[in-house]
Amino acid sequence: MSPGPAAPVEFTALALGRELGRGGQGSVHQVLNKRINESAPDGGWEVVYKEYAPEALPQVDAAALAAAVALPGRLTGEQARWLCEKTAWPAAVVRRGGQTCGFLMRAVPDRFHFTLRTLSADHQGPPRLATLEYLLNEDSYVTGIGLTVTDRDRLLLLADLATTLDRLHRLGIAVGDLSPKNLLFTLAPRPECFLIDCDAARTDRATVLPQAETPDWQVPAGEEPATPHSDTHKLALLAVRLFARDQSTTDPAALTAIDPALGDLARTSLGTDPAARPAPAAWAEQLASAAGWLKPDGGPRVGGGARTGGGLGASGGPSTGNGPGVGGVAKRRIPPGRPAAPQPPGGGKGGAGKVLAAVAAAVVLLLVVVSQNSDSWSDAGGTPSRTIYSPRPVSSLPWTPPTLTPTPTPTPTPTPTSPVATAAVGGCFHLDGAADHPELTPATCAAGTFEVLRVNEGSTDLDSCADVPGNDESVSNKGSARVLCLGYQSPDGDSYHARQGDCVFGPNGPGPWSVLSCRAGNFKVLAVYHGTSDHSKCDVLPHSDRWRIVSGPSGADRDVLQCLSMVFPDDAGRATVNDCLLKSGSTFTNVGDCDRSNVYVSGRTNKPADPAFCGRDAYIYWRSDQFPDLGYTVCWRWR
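Procedures and definitions
Residues numbered from 1 in each chain as written. Predicted model: local features only at pLDDT ≥ 70, side-chain atom pairs only at ≥ 80, totals over all residues. Heavy atoms only, no water. pLDDT = per-residue confidence, 0-100. Contact = heavy atoms within 4.5 Å. Core = buried A, V, L, I, M, F, W, Y, C linked by side-chain atoms within 4.5 Å. Buried < 20%, exposed > 50% of the residue type's maximum accessible area, 1.4 Å probe, protein only. Helix = DSSP H or I, 4+ residues; strand = E, 2+ residues; numbered from the N terminus. Pairing = 2+ DSSP bridges. Axes fitted to C-alpha atoms, helices over the stretch in contact; angles between N-to-C directions. Salt bridge = Lys/Arg side-chain N within 4 Å of Asp/Glu carboxyl O. Parallel < 35°, antiparallel > 145°, perpendicular 65-115°, else oblique. Left-handed = near helix turned anticlockwise from the far one by under 90°. Nonpolar A, V, L, I, M, F, W, Y, C, P; charged D, E, K, R; others polar. Phe/Tyr/Trp six-rings, centres within 6.5 Å; stacked < 30°, edge-to-face > 60°. Lys NZ or Arg CZ within 6 Å of the ring centre and 35° of its normal. Disulfide = S-S within 2.5 Å.

Caption draft 1: Structural view of the confidence of the model for the chain. Per-chain confidence: the chain averages 79 in pLDDT, with 76% of residues scoring 70 or above. Below a pLDDT of 50 lies the segment residues 302-328, which in the model reaches 68 contacts outside its immediate sequence neighbourhood of four places, other chains included. Note on residues 336-405: pLDDT under 50 across the span, and 136 contacts to partners over four residues away in sequence or across chains.

Caption draft 2: Seen up close, the nonpolar core. Of all hydrophobic cores here, the largest spans 60 residues; its most connected members are Leu 135, Leu 147, Leu 155, Leu 161 and Trp 283. Broken down by element, the residue count for this core peaks at nine residues, all from helix 5 (residues 228-244). Residues contacting Leu 147, with those up to four places away along its chain left out, are Phe 114, Tyr 134, Leu 135, Val 142 and Phe 185. Formed by 37 residues, the second largest nonpolar core is a distinct cluster that contains Val 420, Val 452, Ala 572 and Val 599.

Caption draft 3: Structural context of the sheet that holds strand 2 (residues 16-22). Taken in spatial order, the six strands of this open sheet run 1-5-6-4-3-2, and their pairing is mixed. The open sheet terminates on both sides in strands that have one partner only, identified here as strand 1 (9-10) and strand 2. Relative to the sheet, helix 1 (residues 62-70) contacts strand 4 (45-52), strand 5 (90-96) and strand 6 (99-106), its axis offset from that of strand 5 by approximately 140°.

Caption draft 4: Structural detail: the sheet that holds strand 30 (residues 632-638). The antiparallel open sheet is built from five strands, whose spatial order is 27-26-28-30-29. Two strands bound the open sheet, and with one partner strand each, they are strand 27 (587-589) and strand 29 (618-622). In this sheet, neighbouring strand axes are inclined to one another by 40° on average, regardless of whether the strands run parallel or antiparallel. Of the pairings in the sheet, the one linking strand 28 (residues 599-605) to strand 30 comprises six bridges and is antiparallel in character. Along strand 30, the bridge assignment pairs Val 599 with Trp 638.

Caption draft 5: Broad picture of the pattern of salt bridges. All told, the structure shown has 27 salt bridges when counted by the stated rule. Note that Lys 86 is salt-bridged to Asp 160, the shortest N-O span being 2.8 Å. Of this pair, Lys 86 sits in helix 2 (residues 77-86) while Asp 160 sits in helix 4 (residues 151-170), placing them 74 residues apart in sequence. For Glu 223, the salt bridge goes to Arg 277, with nearest N and O atoms at 2.7 Å. Here the residue Glu 223 occupies a position in the loop between strand 13 (206-207) and helix 5, and Arg 277 occupies one in the loop between helix 7 (260-269) and helix 8 (280-291), the gap between them amounting to 54 residues. You can call Glu 223 buried: its relative accessible area is 15%. In this structure Arg 277 comes out as buried when scored by relative accessible area, which is 6%. Here the residues in one salt-bridge network are Lys 86, Arg 111, Asp 160, Arg 190 and Glu 192, joined through shared partners.

Caption draft 6: Summary view of the packing of helix 7 against helix 8. In the contact formed by helix 7 and helix 8, the axes pass within 10 Å of each other and the chain directions differ by 155°. In terms of orientation, helix 7 and helix 8 fall into the roughly antiparallel class. For the pair helix 7 and helix 8, the sense of crossing is left-handed. Residue-level inspection shows Ala 261, Leu 262, Leu 265, Ala 266 and Ser 269 of helix 7 in contact with helix 8, the latter providing Ala 282, Trp 283, Gln 286, Leu 287 and Ala 290. Residue classes in the contact of helix 7 with helix 8 are distributed as eight nonpolar, two polar and no charged.

Caption draft 7: Region of the structure containing the packing of aromatic side chains. Applying the stated rule across the entire model yields 18 aromatic pairs. Judged by centre distance (5.3 Å) and plane angle (55°), the ring pair of Phe 450 and Tyr 488 falls under tilted. Of this pair, Phe 450 sits in strand 18 (residues 450-457) while Tyr 488 is found in strand 20 (residues 482-488), placing the two residues 38 residues apart along the sequence. Relative accessible area serves as the criterion here: at 9%, Tyr 488 is assigned to the buried category. Between the aromatic rings of Phe 523 and Phe 627, the centroid separation amounts to 4.9 Å while the plane-to-plane angle is 85°, which identifies the pairing as edge-to-face. Here Phe 523, found in strand 23 (residues 523-530), pairs with Phe 627, found in the loop between strand 29 and strand 30; they are 104 residues apart in sequence, far enough to count as distant. Phe 627 sits in the buried class, given a relative accessible area of 2%. In textbook terms, an aromatic cluster arises when at least three aromatic residues are bridged by ring pairs, as seen for Phe 505, Trp 513, Phe 523 and Phe 627. Geometry around Phe 11 places Arg 96 over its ring, the cationic atom sitting 3.9 Å from the centre.

Caption draft 8: Representation of the environment of Cys 485 in the model. With respect to the helices and strands, Cys 485 occurs in strand 20. For the pair Cys 485 and Val 452, spaced 33 residues apart in sequence, the C-alpha to C-alpha distance is 5.8 Å. In contact with Cys 485, not counting residues within four places along its chain, are Glu 451, Val 452, Leu 453, Arg 454, Asn 456, Cys 465, Val 468, Asn 471 and Glu 473.

Caption draft 9: Geometry of the state of the cysteines. By the definition in use, this model includes six disulfides. The partner cysteine of Cys 503 in its disulfide is Cys 518, sulfur to sulfur 2.0 Å. Because the sign of the S-S torsion sets the handedness, a value of about 105° for the bond joining Cys 503 and Cys 518 places this disulfide among the right-handed ones. Taken together, the residues Cys 503 in strand 21 (residues 503-505) and Cys 518 in the loop between strand 22 (514-516) and strand 23 connect sequence positions 15 residues apart. What makes Cys 503 buried here is its relative accessible area of 1%. Here the cysteine-cysteine linkages of the chain are recorded as 1-2, 3-4, 5-6, 7-8, 9-10, 11-12, numbering only bonded cysteines and doing so in sequence order. Sulfur of Cys 198: no disulfide; nearest cysteine sulfur belongs to Cys 84 and is 9.4 Å away.

Structure (structure tokens):
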């Protein structure tokens, strides 16, 4: 980005290419001789021009448009580039005869296009904008036009959108007309969204044109449009409809089937009390957590099914495992360490009429949005042993008179006692052997062992451990009719069993971490991922400050990745320069509205207790002894 706002551009200085689209507000054209951010290593971005229609010009607030163009210049370099990576933000005002007539914006990146395959043939047309409207239809339609989108993809798309909304709101931007018409998507290299028609956004409570809302995507009657609260309402509508495969439903049943917590978020966000709606950051956290339970193909990550096998060998004696194990284990289940994600819902609602409506809407959309040009815009029993003796032929046996000496009764060999039959809550075992021939060996409770969390009597149902917190293995034996619910004792502490929303803390370096209360100085678990060490998953989560790999039992996909966020004393911990806060005593709260705030942030440094940094401004600071880099000094002034 340029260090300041771009100067207005005279219309006569533009070399325009073909018209890309036309709608009620105006028309969009290629620009052949301009680029945005030309000094960037990638050479910058292509530009398009939106010219307002004559009938719309009287309603255009030129000052609001100029302020929107100037906004990136008031941001840090990283903030400004992020804004232009995620949105088609106005880049320069265009004037004709001294009067504002339109603006320049970056062209939509190629990755937000796709090639539509018609339903009647294999004919493929030119690349077109990948609007989220296409995904609000039954799976058969989506597949028929050449798209392959899993439920995990849908969750990650929504998580990216929620993260984007959270960051926009912190910059003073409310999208306003948030609808699938104005949202583009891509699945490669990762699922993400891109916002268009950004001149309709509300920036610092100013709008370029009077606010308008897409039919079926309005806020409740009487509510002010284009606010962070209204954006959350429409985010919930999109989430509900994206999983229902329906263009207009408000029933969150399909979303609830994916994750009950998401269903709860939707119901609250669709309510009529704007202040009660959760922030987009809460949506982003839960969406990312839900996506972590789905495999890349969209199916749930589930553990191995019930496994039958012999802790007893084929001859009835103890099996010869890797150590002094006691046989008798008949079944074993290895759950995924957390409740399994529910199966994806079935096909959504809708029918041919909605498909046709979607196609028609997409055609209309193509008249309004920026481009269709491929060049510019991408799963024992201990059966007694038996030996069968074969007699030799009679002719070969010497004859001997029979005797009446009784045959002594042999002393029976004691049957080994199964550890399942004698185990008690609080006892610990090593669990060895193959999955279908597991062995329990009594052990002193220590890291690397399995503790008995619960004993379910009169059952061999391995699923009876499903609701036991911290359960990692289920072991049963038909002879004892008991199920042991076992929890792994990780060398990294009980934080191994922390779930999203729990708080944990431990040393800044090697050593075990514990689950603790969510007080200032501890870390909140934003998301938990199984079987991956790709900590880049944490980078996209709002307020992600740390990540940890927590050691699980031996075997594939047993370690967990945790994304963590520091719990600060109050909202000053997350505040950035120019944020408005409500100061009450020594507590600072971000109420999301500058009109209801009494101070604003004038400066910030990650160095704690640095009053000199604030000069004559008031300040507040906080430090963490274990994690000093997360401390801060925040400067503030009265509004």
